[in-house]
Amino acid sequence: MESNLANKEKKIWLSSPHLGQNEQTYVQEALDGNWVAPLGSNITDFEQGLQNYIKENKYVVALNSGTAAIHLALIMAGVGVGDEVLCQSFTFSASANPIVYLGAKPVFVDSEKDTWNMCPMLLEEAIKERILNGVKPKAIIAVHLYGMPYKAQQISIIGKKYNIPIIEDSAEALGSKVDEKYCGTFGLYGIFSFNGNKIITTSGGGTLIVNSEKEKEKAIYLATQAKDQAPHFQHSQIGYNYRMSNVLAGIGKGQLEVLEDRVKTRRRIFDRYFEELKNLDFKFLEEPKGFKSNRWLTTIQTPSFQTREKIRKALEIKNIESRPLWKPMHLQPVFKNCKAYISGVSENLFEKGLCLPSSSNLTEKDLGRIIEVLKKF
Ligand SMILES: *Cc1c(COP(=O)(O)O)cnc(C)c1O
């Protein structure tokens, strides 16, 4: 048993943190200055740095998770008890959970084949039917899954046509673009996640992207327990404890300096898999014209569920982590009673798809180990 373990090769993770040169310096500055609080210059620098990166005159609010950012976006979009919110079904549960936190109802919409994200046609069909049913959806949550942008232009046009705000879940798509415009800037509100597995990280964290100084103030007010102006603590609204720590923002500040490099590396890893495996029976997700994915995770579609499982297990034996694609929300037990507009696209992806290790700190040797296993199929 022991010798078996000792012989096991180093674990290869799906997506691991990858620090740059300066994170420790910025964290140390926070400690030295005693700014160990959800307040301080690392937070303002991190927010400003991200603002400069995504441009479009957006305002960034640093929070303690991407989920918190979605929750606040929904509140700011006016979502409340009993409202319906249209949400991409093919996603991580954190896209949909905050709808339920507010006592609102998720209505799920399936994906299209070319981006794996919310199908614009199905979205419009869903909106029309919900309106006919007597309830106009209060918001739309669209997701740039695995870093591949959704059809931003078409989805925006539909949102405008029916006057429904779009919340852009860009948790996996920092650095992705459509026609040179960054993901996270298309919706009324955008969100990013800086969880440990994302393209850059603060160990845990998120940001809300808004359009004005005033909205930023509102978001900070909600994220810091909704304190009114008074010498004592006075509250006229329910607040949350969602602000980012200044210590962790130091990590974020350092990570922003290497973001472009991380995007390039993840894209190079995709290209490498593609080149090595394109002649086998795997399908890759290719970029529509004008779309640039950060390739957060490289994903493949295998010919069948059985093949997918064989590959996953063969990798596991070699101590290599891989994972089936997201299980759609309309198939999740917890959402089984929610309305859903389904075409079969996401179910098919879930059945046959696999995420491959895509960390930007993968070595040549690691990639060789992974590709060797895959080539056997
Ligand atoms: C990671 C993720 C989130 C949630 O972000 P956290 O920072 O982990 O709360 C939301 N949506 C998607 C699509 C994600 O991948």
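Residues numbered from 1 in each chain as written. Predicted model: local features only at pLDDT ≥ 70, side-chain atom pairs only at ≥ 80, totals over all residues. Heavy atoms only, no water.

The subject of this paragraph is the overall build of the protein. A count of helices and strands for the protein gives 13 helices and 15 strands. The C-alpha atoms of the protein give 21 Å as radius of gyration, which agrees with the globular expectation for 377 residues (21 Å, within 12%). Its C-alpha atoms give the protein principal-axis dimensions of roughly 65 × 60 × 45 Å. A total of 377 residues make up the protein; the buried ones form 55% of that total. A separation threshold of at least 6 residues defines the contact pool for the protein, and within that pool the share at least 24 residues apart is 72%. Surface accessibility of the protein: about 17,100 Å² in total, with carbon and sulfur atoms responsible for 51%. Once the 48 positive and 42 negative side-chain charges of the protein are each reduced to a mean point, those two points are 3 Å apart. (Helix = DSSP H or I, 4+ residues; strand = E, 2+ residues; numbered from the N terminus. Rg over C-alpha atoms; globule rule 2.2 N^0.38 Å. Buried < 20%, exposed > 50% of the residue type's maximum accessible area, 1.4 Å probe, protein only. Contact = heavy atoms within 4.5 Å. Areas by Shrake-Rupley, 256 points an atom, 1.4 Å probe, with all protein chains shown as cover. Lys, Arg positive; Asp, Glu negative; His and termini not counted. Charge placed at Lys NZ, Arg CZ, Asp CG, Glu CD.)

Remark: helix H10 (residues 259–277) packs on helix H13 (residues 364–375), axes separated minimally by 11 Å, with the N-to-C direction vectors making an angle of 35°. Crossing of H10 against H13: the hand is right-handed. Packed against H10, whose contacting residues are Ile269, Arg272, Tyr273, Glu276 and Leu277, the element H13 presents Glu364, Leu367, Ile370, Ile371, Leu374 and Lys375 at the interface. (Axes fitted to C-alpha atoms, helices over the stretch in contact; angles between N-to-C directions. Left-handed = near helix turned anticlockwise from the far one by under 90°.)

Let's shift gears to the side chain of Glu309. With respect to the helices, strands and loops of the structure, Glu309 is situated in helix H11 (residues 305–317). On the basis of relative accessibility, which here comes to 14%, the residue Glu309 falls in the buried class. At a separation of 2.8 Å, a polar atom in the side chain of Glu309 contacts the side chain of Arg312. (Polar contact = N/O pair within 3.5 Å; in protein donor to acceptor, adjacent residues only side chain to side chain.)

Looking now at the domain arrangement of the protein. Considered domain by domain, the protein is made up of domain 1 (2–13 + 259–375) and domain 2 (23–256). Here domain 1 and domain 2 have C-alpha centroids that lie 25 Å from each other. In total, about 3,800 Å² of surface goes out of reach between domain 1 and domain 2, with carbon and sulfur atoms giving 65% of it. Contact with domain 2 buries area across many residues of domain 1, yet Leu259, Trp326 and Tyr341 alone supply 24% of it, more than any other trio. At the boundary of domain 1 with domain 2, the tally comes to zero salt bridges. Within the residue set of the side of domain 1 that touches domain 2, elements represented by two or more residues are H10, strand S11 (291–292), strand S12 (298–301), strand S14 (340–341) and helix H12 (345–352). Among the elements that take part in the side of domain 1 that touches domain 2, H10 stands out by supplying five residues, more than any other. In terms of residue class, the side of domain 1 that touches domain 2 is built from 19 nonpolar, nine polar and nine charged. (Domains from an automatic or database assignment. Buried area = accessible area lost by both parts, 1.4 Å probe. Salt bridge = Lys/Arg side-chain N within 4 Å of Asp/Glu carboxyl O. Nonpolar A, V, L, I, M, F, W, Y, C, P; charged D, E, K, R; others polar.)

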